[in-house]
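# Results of the structural survey
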Amino acid sequence: MAVQKIAVLGSGTMGHGIAQAAIVAGFEVALFDISQAMLDKAGETVRGNIDKHFIAKGKVTEEQGRDILSCLKLNTDMQKAVSDADFVIEAVPESLDLKKKVFADLDRFCQPHAVFATNTSVMSVTAIAGATQRVDRCIGTHFFNPAAVMKLVEVVTPIGVSAATIDIAVAVLKKMGKTPVKVKDVPGFIVNRLLGLLYQECAQIVLEGTATAQEVDTAMRLGANHPMGPCELADFGGFDVIQMAQDATYEYTHRQRDRLNILYRKMIEAGRLGRKNGKGFYDYHEDGTKTAFTIFT
Ligand code: 3HC
């Protein structure tokens with residue numbers, strides 16, 4: 001089956017990044033959200049990115065840029081957005097009940113051949129697929145933030161997925177310029193399972209006063225060639241997301257080292273969620289700069 005039309009559900013950071021990567025690759029994309037305001041903001045962001053990262057850099061002409069943008073349709077009606085889609089990528093908030101409901105609705109609204117992918121980083125893809133009557137056509141496609149830029153997508157294979165569905169997902173992702181890596185459906189998959197350890201350990205280093213967040217980040221940027229230090233990356237991902245991921249991983253492994261570090265719980269209690277609300281290991285300012293936050297005075 002050759003995929004032409006993709007529907008992306010949820011226009012948040014991941015959803016609009018995925019939609020952008022898909023239109024740049026030449027797919028027709030319907031981006032759905034319940035909120036018109038969110039959709040408008042997502043549309044503006046994608047337009048701005050095409051201007052800044054493609055037209056201004058001479059990667060495409062203005063006319064080509066307009067053609068790319070014309071492939072993106074914004075829709076607040078989910079049934080309309082998905083009815084002619086060959087491939088649906090769900091990127092709604094991380095709630096198992098919500099994702100199961102969305103998949104059950106997709107099963108009613110979509111054509112029989114359509115494949116459903118979830119971008120969950122935390123939930124069981126097998127459980128989400130189980131909300132449909134087409135378990136063989138459900139899969140996980142775990143993109144990384146920023147989704148328009150990051151090359152990796154983990155292809156998460158739940159129990160019951162067919163080989164044909166895996167092939168379709170891999171072909172779609174390759175056309176989007178991504179490198180798919182197959183992984184079984186266990187919490188954390190590959191990358192978050194390993195990143196989790198980094199998040200846990202950097203928090204412990206800061207908590208015990210061995211080094212500050214800034215020192216940890218500088219050390220890992222310059223000593224391990226990481227593009228962002230682990231504290232910056234934790235801010236980038238969001239402490240609430242890390243909490244969900246660690247809790248799910250701990251429930252699966254029951255290893256002490258996978259239990260969420262107390263520092264994240266305390267930061268969340270203090271209203272610090274990371275870059276998304278401007279307050280994490282760092283304070284983020286409107287002019288785009290950041291300064292170190294003193295955690296313990
Ligand atoms: N759209 C299109 N292109 C974009 C873009 C966008 N929104 N943003 C940047 N680009 C392009 C730029 O034009 C540039 O292209 P060029 O190389 O052809 O000139 C290239 O991407 C690099 O951009 P910048 O020079 O502006 O940025 P940096 O080199 O500083 O890289 C970064 C920024 C990619 C975010 C880098 O800091 C990085 O890799 N950080 C780590 C990100 C990471 O680890 N993400 C994973 C988080 S974990 C996760 O997502 C899991 C989930 O479950 C939570």
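Just so it is clear, the structure is predicted and the values come from calculations on it, not from any experiment.

Reading the values: the criteria
Residues numbered from 1 in each chain as written. Predicted model: local features only at pLDDT ≥ 70, side-chain atom pairs only at ≥ 80, totals over all residues. Heavy atoms only, no water. Helix = DSSP H or I, 4+ residues; strand = E, 2+ residues; numbered from the N terminus. Buried < 20%, exposed > 50% of the residue type's maximum accessible area, 1.4 Å probe, protein only. Contact = heavy atoms within 4.5 Å. Near = heavy atom within 4 Å. Polar contact = N/O pair within 3.5 Å; in protein donor to acceptor, adjacent residues only side chain to side chain. Areas by Shrake-Rupley, 256 points an atom, 1.4 Å probe, with all protein chains shown as cover. Pairing = 2+ DSSP bridges. Axes fitted to C-alpha atoms, helices over the stretch in contact; angles between N-to-C directions.

### Points about the environment of Tyr282
- Mapping Tyr282 onto the fold places it in strand 9 (residues 282-284).
- Its relative accessible area of 4% is what places Tyr282 among the buried residues.
- Remark: the alpha-carbon pair of Tyr282 and Arg257, spanning 25 residues in sequence, is separated by 25 Å.
- Sequence-distant contacts of Tyr282, defined by excluding residues within four places in its chain, comprise Ala213, Gln214, Asp217, Glu232, Asp235, Arg272, Lys290, Thr291, Ala292 and Phe293.

### What about the site of the ligand?
- Lining the immediate surroundings of the ligand are 19 residues, of which His53, Lys57, Lys59, His142 and Asn145 lie closest.
- Note that a nitrogen atom of the ligand is positioned 3.4 Å from one of the side-chain N or O atoms of Asn49.
- Within the side chain of Lys59, one N or O atom sits 2.6 Å away from an oxygen atom of the ligand.
- For the ligand, whose unbound accessible area comes to 1,100 Å², protein coverage reaches 62%.

### Overview of the side chain of Glu90
- Along the polypeptide, Glu90 turns up in strand 4 (residues 87-90).
- A distance of 2.4 Å separates polar atoms of two side chains, one belonging to Glu90 and the other to Thr118.
- Glu90 has contacts with Leu9, Lys99, Val102, Phe103, Ala117, Thr118 and Asn119, leaving out every residue within four places of it along the chain.

### Looking at the sheet that holds strand 8 (residues 179-184)
- Here we have eight strands laid out as an open sheet, ordered 3-2-1-4-5-6-7-8, and mixed in their pairing. One side of each edge strand has no neighbouring strand; the edge strands of this open sheet are strand 3 (72-75) and strand 8. Within the sheet, the average angular offset between the axes of one strand and its neighbour, ignoring direction, is 25°.
- Sheet topology places strand 2 (residues 28-32) next to strand 3; four bridges connect them, and they run parallel. Within strand 3, the position partnered with Leu31 by the bridge is Leu74.

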